[in-house]
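Spelled out from the first residue to the last, the chains are:
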Amino acid sequence: MSIDKFITTVSRVVPIQIEEIDTDQIIPARFLKATDKIGFGDNLFRDWRYDKNNQPIADFPLNNPKYSGCILVGGKNFGCGSSREHAAWAIAGYGFKVVVSSFFADIFKNNILNNGVLPVQVSEKFLTGIFTEVDKNPATEIKVDLQAQTITNIATGETESFLINAYKKDCLLNGFDDIDYLLSKRAEIEAFEKK
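Residues numbered from 1 in each chain as written. Predicted model: local features only at pLDDT ≥ 70, side-chain atom pairs only at ≥ 80, totals over all residues. Heavy atoms only, no water.

A. Structural view of the overall build of the protein. A count of helical and extended segments in the protein gives eight helices and seven strands. For a compact globule of 195 residues, the expected C-alpha radius of gyration is about 16 Å, and the protein comes in at 18 Å, within 12% of that figure. The principal-axis extents of the C-alpha atoms in the protein amount to approximately 65 × 45 × 25 Å. Of all 195 residues assigned to the protein, the portion counted as buried reaches 47%. Charged side chains of the protein number 22 positive and 26 negative; the gap between the two group centres comes to 2 Å. (Helix = DSSP H or I, 4+ residues; strand = E, 2+ residues; numbered from the N terminus. Rg over C-alpha atoms; globule rule 2.2 N^0.38 Å. Buried < 20%, exposed > 50% of the residue type's maximum accessible area, 1.4 Å probe, protein only. Lys, Arg positive; Asp, Glu negative; His and termini not counted. Charge placed at Lys NZ, Arg CZ, Asp CG, Glu CD.)

In structure tokens:
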């Protein structure tokens, strides 16, 4: 399945200033029965978004109309816990294109990249700066340039570089999943086979 090409995104952010956000909080275990990615975004952060009567919790950032955008900003150690890929499905299904944190769990980071969402790891100082500016002005925008591998807090003008695996960067820039990538190399593979 192809993914959307990713080059540069400028967006407001949805801040969740909580550390150690684990995959069970991202998508609770009771929603893991499905094997199709459709609908997982509806249950993203389900137990934080809704009360026991399935009513939206008004002050949770995903329910708060003052926050919007395709960039999710979370606290340190985002995506820790179990290795469920469903957490990545939920984030992508909700419509986020970027997740920003000062640290990501390795398996989560790979899962989210495989689902066309860019994890941007920044310094704790830079992360704090985003939260500070969004707290002052929820309309604060962040610019993420994948080609240049930079993230910019537009309110302050501060920019940081981020790392990404070269293969995954190429896939995101071209809108490839792993199969698409192999198909894009078909001519080279066939030429190699002939040798």
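Read on for the rest.
B. Geometry of a nonpolar patch on the surface. A contiguous nonpolar surface patch, about 380 Å² in accessible area, is contributed by Ile179, Leu182, Leu183 and Ile189. No other element matches the three residues that helix H7 (residues 178–184) contributes to the nonpolar patch. Inspection of the secondary structure puts leucine 183 in helix H7. (Patch = residues over 30% accessible without salt bridge, like charges linked within 9 Å, V, L, I, M, F, W, Y side chains within 5 Å. Areas by Shrake-Rupley, 256 points an atom, 1.4 Å probe, with all protein chains shown as cover. Salt bridge = Lys/Arg side-chain N within 4 Å of Asp/Glu carboxyl O.)

C. Main features of the pairing of strand S7 (residues 158–161). Inspection of the sheet shows strand S6 (residues 150–153) paired to S7 by four bridges, in the antiparallel sense. The residue bridging isoleucine 151 from the neighbouring strand is glutamate 160, located in S7. Linking S6 to S7, which pair antiparallel, is a turn of four residues; within it glycine 157 sits at a positive phi near 80°. (Pairing = 2+ DSSP bridges.)

D. Structural context of the nonpolar core. One finds Phe45, Phe78, Ile91, Val100, Leu118 and Val144 to be the most contacted residues of the largest nonpolar core, which totals 51 residues. Discounting chain neighbours no more than four positions away, the residues touching valine 100 are Ile71, Leu72, Val73, Gly74, Val120, Val122, Leu127, Ile130 and Ile151. (Core = buried A, V, L, I, M, F, W, Y, C linked by side-chain atoms within 4.5 Å. Contact = heavy atoms within 4.5 Å.)

E. Inspection of the side chain of aspartate 145 at higher detail. Summarising the element assignment, aspartate 145 is placed in strand S5 (residues 141–145). Setting aside its immediate chain neighbours within four residues, aspartate 145 contacts Ile7, Thr8, Thr150 and Phe162.

F. Molecular detail of the packing of aromatic side chains. Under the definition given, this model contains eight aromatic pairs. Connected via pairs of aromatic rings, a cluster forms that spans Phe45, Trp48 and Phe60. The aromatic ring of tyrosine 50 is capped on one face by arginine 46, whose charged end is 4.1 Å from the ring centroid. (Phe/Tyr/Trp six-rings, centres within 6.5 Å; stacked < 30°, edge-to-face > 60°. Lys NZ or Arg CZ within 6 Å of the ring centre and 35° of its normal.)

G. Layout of the layout of surface pockets. The computed volume of the largest pocket comes to approximately 370 Å³. Looking at the lining of the largest pocket element by element, the count peaks at three residues for helix H3 (residues 86–94). (1 Å grid on protein atoms, 1.4 Å probe; cavity = no way out; pocket = protein on both sides within 12 Å on 5 of 7 lines; lining within 4 Å. Points joined across faces, edges and corners; volume = space filled by probe spheres on them.)

H. Quick peek at the pairing of strand S1 (residues 8–16). Relative to S5, S1 runs antiparallel, the two being bridged by five bridges. Within S5, the residue paired with valine 10 across the bridge is lysine 143.

I. Just the sheet that holds strand S2 (residues 71–74), in detail. One open sheet accounts for seven strands, arranged S4-S3-S2-S1-S5-S6-S7; its pairing is mixed. The open sheet is flanked by strand S4 (118–121) and S7, the only strands paired with a single partner. Across this sheet, the average inter-strand angle for adjacent strands is 30°, counted without regard to direction. Where S5 lies against S6, four bridges are found, and the strand directions are antiparallel. Bridge pairing in S6 links aspartate 145 to threonine 150. Running over the sheet, helix H4 (residues 106–114) touches strand S3 (98–101) and S4 and is turned about 140° from S4. (Axes fitted to C-alpha atoms, helices over the stretch in contact; angles between N-to-C directions.)

Note that all results are geometric; they support no functional claim without further evidence.
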